[in-house]
Amino acid sequence: IRSLSGEEREEMEEELEDVRERIDSLQQESSELTDVAVENMEKVVDLLPQDDEAYNILGIIYQNKAANLFEQRNSIVDDNELVQELDDRAREALQVARQYYERAAEINPDAPEYWESLFQVYTTLGMEEEAREAMEKAGM
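Draft legend 1. Spotlight on a negative patch on the surface. Taken together, the side chains of Glu7, Glu8, Glu10, Glu11, Glu14, Glu15, Glu17, Asp18, Glu21 and Asp24 present a region of like negative charge at the surface. Examined against the element boundaries, Glu21 turns out to sit in helix α1 (residues 6-47).

Draft legend 2. Quick look at the layout of surface pockets. Space inside the largest pocket adds up to approximately 920 Å³. For the largest pocket, the lining is made up of 27 residues, of which Ile23, Asp24, Gln27, Gln72 and Ser75 are closest to its centre. Looking at the lining of the largest pocket, the elements that each hand over two or more residues are α1, α2 (52-74) and α3 (80-107). Considering each element in turn, the lining of the largest pocket owes the most residues, 10 residues, to α1. Residues belonging to the lining of the largest pocket are distributed by class as follows: 11 nonpolar, eight polar and eight charged.

Draft legend 3. The pattern of salt bridges, seen in detail. On inspection of all chains with the given rule, the structure shows eight salt bridges. One salt bridge connects Arg91 with Asp87, and the closest N-O pair in it is separated by 3.0 Å. Here Asp87 and Arg91 lie together in helix α3, a separation of four residues that amounts to about one turn. Residue Asp87 is classed as buried on the basis of its relative accessible area, which comes to 12%. One salt bridge in this structure joins Arg98 and Glu102, with 3.0 Å as the shortest N-O distance.

Draft legend 4. Seen up close, α1. Along its 42 residues, α1 runs 62 Å from first to last C-alpha, staying within 8% of the 62 Å computed at 1.5 Å per residue. Listing the buried residues of α1 in full gives Thr34, Val38, Met41 and Val45. Buried residues along α1 sit in contact with α2.

Draft legend 5. Spotlight on the packing of α3 against helix α4 (residues 112-124). For the pair α3 and α4, interaxial distance at closest approach is 9 Å and the crossing angle is 150 degrees. Compared by their axis directions, α3 and α4 come out roughly antiparallel. The crossing of α3 and α4 is left-handed. Between α3 and α4, the residues in contact are Arg91, Leu94, Arg98, Tyr101, Glu102, Ala104 and Ala105 and Tyr114, Trp115, Ser117, Leu118, Val121, Tyr122 and Thr124, respectively. Split by residue class, the contact of α3 with α4 holds nine nonpolar, two polar and three charged.

Draft legend 6. Structural view of the packing of α2 against α3. It is the contact of α2 with α3, at a shortest axis distance of 8 Å, that shows an interaxial angle of 165 degrees. Here α3 runs roughly antiparallel to α2, going by the angle between their axes. Judged by the twist between their axes, the crossing of α2 over α3 is left-handed. Class assignment for the residues of the contact of α2 with α3 results in 18 nonpolar, four polar and seven charged.

Draft legend 7. Seen up close, a nonpolar patch on the surface. A surface patch of nonpolar side chains, amounting to about 210 Å² of accessible area, comprises Ile1, Met12 and Leu16. Following the sequence through the fold, Leu16 ends up in helix α1.

Conventions used here
- Residues numbered from 1 in each chain as written.
- Predicted model: local features only at pLDDT ≥ 70, side-chain atom pairs only at ≥ 80, totals over all residues.
- Heavy atoms only, no water.
- Patch = residues over 30% accessible without salt bridge, like charges linked within 9 Å, V, L, I, M, F, W, Y side chains within 5 Å.
- Areas by Shrake-Rupley, 256 points an atom, 1.4 Å probe, with all protein chains shown as cover.
- Salt bridge = Lys/Arg side-chain N within 4 Å of Asp/Glu carboxyl O.
- Lys, Arg positive; Asp, Glu negative; His and termini not counted.
- Charge placed at Lys NZ, Arg CZ, Asp CG, Glu CD.
- Helix = DSSP H or I, 4+ residues; strand = E, 2+ residues; numbered from the N terminus.
- 1 Å grid on protein atoms, 1.4 Å probe; cavity = no way out; pocket = protein on both sides within 12 Å on 5 of 7 lines; lining within 4 Å.
- Points joined across faces, edges and corners; volume = space filled by probe spheres on them.
- Nonpolar A, V, L, I, M, F, W, Y, C, P; charged D, E, K, R; others polar.
- Buried < 20%, exposed > 50% of the residue type's maximum accessible area, 1.4 Å probe, protein only.
- Expected span 1.5 Å × (residues − 1).
- Contact = heavy atoms within 4.5 Å.
- Axes fitted to C-alpha atoms, helices over the stretch in contact; angles between N-to-C directions.
- Parallel < 35°, antiparallel > 145°, perpendicular 65-115°, else oblique.
- Left-handed = near helix turned anticlockwise from the far one by under 90°.

By themselves, these are just geometric observations and shouldn't be taken as functional.
Structure follows, in structure tokens:
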């Protein structure tokens, strides 16, 4: 866009704004659907507190939420406050994912995929010792 001028530049700026609005709309919709999924899965774990797969699904939901927040953070270049806010929110989501993955692994410690997920979360959160242990338990 910077290399364009006049009408061509205006058209591209308008198109960029339309794309940004569409992204915002899709992010809002995704957030709402994620909230519904969490609400339903929390009902499952209330009804079936020993269902390791339900806890794993909740971990996946929150890990994906964190990944989306990290992606948003990485796309921002000129707003350090927003970057920090998104980073904080992503790490909070990872902490929740960690709790769900840990519960799944507690219920079913022989499932390597739970330990692999914990390895990823621990690594991102800077929990090196826990990451090493999870890697071993995952057989990695």
